Amino acid sequence: PRTRSIASMVFLFTRSLASGSRLWVPTLLLLVIWNKLNPDHPLTNWEQFWFTGAALVIISLLTAAYTAVGGIKAVIWTDVLQIAVLFGALGFSVWYLLGHIPGGWEGAKTHLTQAHDLRLWQWEGDHPADTTWGKIKSVLETEYTVWAALFGSLFVTLATHGTDQDMVQRMLTAKNKRQSAVATILSGVADIPVTYAVLTIGILLSVYYGHVVNDPSLPTAGGKPDSTRIFPYFVVDVMPGGLRGLVIAGVLATTMGSLGTAMNSLATSYCRDFHFRWFKTPDDDAKRVKVIKLSTVGFTLILILVGLSTAFVKAHHPELSIIGIILGSFGYTYGALLGVFIVALFTRSRGSETGNAIAMVAGVIVVAILSNLPNQLWGMIAGGKFYENPSWMPIIEFPWRIMAGTLVTVAVALCFKTPARPTESNG
């Protein structure tokens, strides 16, 4: 029971951070639209904050309305509609980009001639080393490699699909275990074309603005093109009206879909793991549902606050990567969640209440150290380093955090033996 409570608290905290920071994404598109329509009056940092803040509040309240009223059924059926819009938006974006590059994909490949442009297998990172450990260290310190996709993302998916109430609540709506398993597998298969479409759009955009069109008005951050705003800029600047609306709808649909799922899962987890244990559980289903609906509204307010904080930080530090913020936030703790689940699933005599707590704390601390988090926090507070990293220790990027946390948590939890269960007396 204590392990369950700790794991649930970790989920509530981490999911609130990750889903709240994700709220910033659709407001970016609206910001690009504003700047395009008002080129002579670009928004200042504070104006960007208030503009994006108002947008994310509206989006959150609209999503909370149908989530609180309809529950998990509303979440699933709106997801069905939203994923259809997303597939349409991605497909038409690839088609439209290919049509605006002379020669289509073959024409694009003539510009992708540098050593790193279309390389798949990458043993070294940005700083090749001679030793085997040096090469491994270089890979761990690089964000986007095929190794991160195969191994780092493996642990990310195990954690999000196996321990996160976001996904688990959908599995529990299936008629039986077999349907739940099939749905989970198909969700992974459906990710493949989405991933390829997104990667293709990024490659084609680099060709379009790097070789086909020289646009001095491209959004910049820190004197360089701002990669987070180039696709929204292309949508607003180049695409025709109908297709532009489809893509904007796809972005909003994706955000509202993930947001609605987060609201429902956070409210359900809080009520089942804490509220109904701390307070008297209502006698009938209607009263229990009412408590969960009120909890949904409460977590909506929390997500809005996190989203506003993300908008504030991004407005004052435009060079920050939103992907790193979203995925990095649960990278610190989800390894601990996955670790205790693995020990529970695959061992019968290892792991205890005390041992599990120590293991989860150890997993979070090790990931924080390997991610250089103490030095980053100390740098913001005192302007210096909290400690010097040894030369052999890698500073791992966000795709590897969950893997590191999982391995440490499992290793520590296995050191503790499960106490013997008391036998039931006859009669």
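Residues numbered from 1 in each chain as written. Predicted model: local features only at pLDDT ≥ 70, side-chain atom pairs only at ≥ 80, totals over all residues. Heavy atoms only, no water.

Another aspect to go through is the overall build of the protein. The number of helices and strands found in the protein is 16 helices and two strands. The globule rule puts the C-alpha radius of gyration for 427 residues at 22 Å, and the 23 Å found for the protein is close to it. Here the C-alpha coordinates of the protein stretch approximately 85 × 60 × 50 Å along the principal axes. Looking at the 427 residues of the protein, the share that counts as buried comes to 43%. Taking contacts inside the protein between residues at least 6 apart in sequence as the whole, the part at least 24 apart equals 78%. Total accessible area computed for the protein in this model is approximately 23,200 Å², and 67% of it derives from carbon and sulfur atoms. (Helix = DSSP H or I, 4+ residues; strand = E, 2+ residues; numbered from the N terminus. Rg over C-alpha atoms; globule rule 2.2 N^0.38 Å. Buried < 20%, exposed > 50% of the residue type's maximum accessible area, 1.4 Å probe, protein only. Contact = heavy atoms within 4.5 Å. Areas by Shrake-Rupley, 256 points an atom, 1.4 Å probe, with all protein chains shown as cover.)

This next bit is on the packing of aromatic side chains. Overall, the coordinates contain twelve aromatic pairs when judged by the stated rule. A centroid spacing of 4.9 Å and a plane angle of 85 degrees characterise the contact between Tyr208 and Tyr209, whose relative ring orientation is edge-to-face. Centroid distance Phe330 to Tyr334: 5.1 Å. Interplanar angle 40 degrees. Geometry classified as tilted. The pair Phe330 / Tyr334 is uniform in exposure class, with both members buried. (Phe/Tyr/Trp six-rings, centres within 6.5 Å; stacked < 30°, edge-to-face > 60°.)

Time to look at the side chain of Thr52. By secondary structure assignment, the location of Thr52 is in helix H3 (residues 45-99). Look at Thr52 and you get buried, because its relative accessible area is 3%. For Thr52, the contacting residues outside a window of four places in its chain are Thr27 and Ala311.

Along the chain, the position of Ser138 falls in helix H5 (residues 132-140). The exposure class assigned to Ser138 is buried, which follows from its relative accessible area of 5%. Separated by 256 residues in the primary sequence, Ser138 and Pro394 have C-alpha atoms spaced 7.7 Å apart.

Our focus in this paragraph is the packing of helix H13 (residues 334-346) against helix H16 (residues 401-413). When two helices pack together, their arrangement is given by the angle between the helix axes and by the axis-to-axis distance. Viewed as axis vectors pointing N to C, H13 and H16 meet at an angle of 40 degrees, and their least axial separation amounts to 7 Å. In terms of axis orientation, H13 runs oblique to H16. In the crossing of H13 with H16, the sense of the turn from one axis to the other is right-handed. On H16, the residues that touch Tyr334, Gly335, Ala336, Leu338, Gly339, Val340, Ile342 and Val343 of H13 are Ile402, Gly405, Thr406, Thr409, Val410 and Ala413. Its residues placed into classes, the contact of H13 with H16 shows nine nonpolar, five polar and no charged. (Axes fitted to C-alpha atoms, helices over the stretch in contact; angles between N-to-C directions. Parallel < 35°, antiparallel > 145°, perpendicular 65-115°, else oblique. Left-handed = near helix turned anticlockwise from the far one by under 90°. Nonpolar A, V, L, I, M, F, W, Y, C, P; charged D, E, K, R; others polar.)

Before going further, it helps to examine unusual backbone geometry. Phi is positive for Asn372, close to 65 degrees, though the residue is something other than glycine. Note on placement: Asn372 falls in the loop between helix H14 (353-370) and helix H15 (373-382).

Turning to its location among the elements, Trp46 is positioned in helix H3. Considering only alpha carbons, one finds Trp46 and Val182, 136 residues apart in sequence, at a separation of 48 Å. When residues no more than four places from it in sequence are discounted, the contact partners of Trp46 are Phe312 and His316.

Within the largest apolar cluster, 36 residues are counted, with the highest numbers of intra-cluster contacts made by Tyr334, Leu337, Met360 and Trp400. Ignoring sequence-local partners within four residues, the contact set of Tyr334 consists of Phe11, Thr14, Arg15, Ala159, Asp164 and Ile402. Membership of the second largest hydrophobic core comes to 30 residues, among which are Val194, Tyr209, Ile230 and Val238. (Core = buried A, V, L, I, M, F, W, Y, C linked by side-chain atoms within 4.5 Å.)

Below, the discussion takes up H3. Note that an α-helix has 3.6 residues per turn; residues three or four places apart therefore point the same way. Between the first and last C-alpha of H3 there are merely 36 Å, a value that for 55 residues lags more than 12% behind the 81 Å anticipated at 1.5 Å per step. A bend of about 125 degrees at Gly71 is the largest found in H3. (Expected span 1.5 Å × (residues − 1). Bend = angle between axes of the 7 residues up to and from the residue.)

Moving on, we come to the environment of Glu353. Counting through the fold element by element, Glu353 comes out in helix H14. C-alpha separation for the pair Glu353 and Pro1, spaced 352 residues apart in sequence, amounts to 8.0 Å.

The next thing to look at is the pattern of salt bridges. One pass over the structure, following the stated rule, counts seven salt bridges. Of the charged contacts in the structure, one is a salt bridge between Asp164 and Arg15, with a shortest N-O distance of 2.6 Å. Of this pair, Asp164 sits in the loop between helix H6 (146-162) and helix H7 (165-171) while Arg15 sits in helix H1 (residues 2-22), placing them 149 residues apart in sequence. Per residue, the accessibility class of Asp164 equals that of Arg15, and both read buried. For Asp79, the salt bridge is made with Arg170, and the minimal N-O distance between the two is 3.0 Å. You can see Asp79 sitting in helix H3 and its partner Arg170 sitting in helix H7, a full 91 residues away along the chain. The exposure class assigned to Asp79 is buried, which follows from its relative accessible area of 16%. For Arg170, a relative accessible area of 29% puts it in the partly exposed group. Because the salt bridges share partners, they merge into one network encompassing Arg15, Asp164 and Asp166. (Salt bridge = Lys/Arg side-chain N within 4 Å of Asp/Glu carboxyl O.)

Where nonpolar side chains cluster on the molecular surface, the patch consists of Val182, Ile185, Leu186, Val189, Ile192 and Tyr196 and spans about 610 Å² of accessible area. Counting through the fold element by element, Leu186 comes out in helix H8 (residues 177-212). A residue is classified by how much of its surface remains accessible, and Leu186, at 52% relative accessible area, is exposed. (Patch = residues over 30% accessible without salt bridge, like charges linked within 9 Å, V, L, I, M, F, W, Y side chains within 5 Å.)

In short, the description is geometric, and any link to function would need to be established separately.
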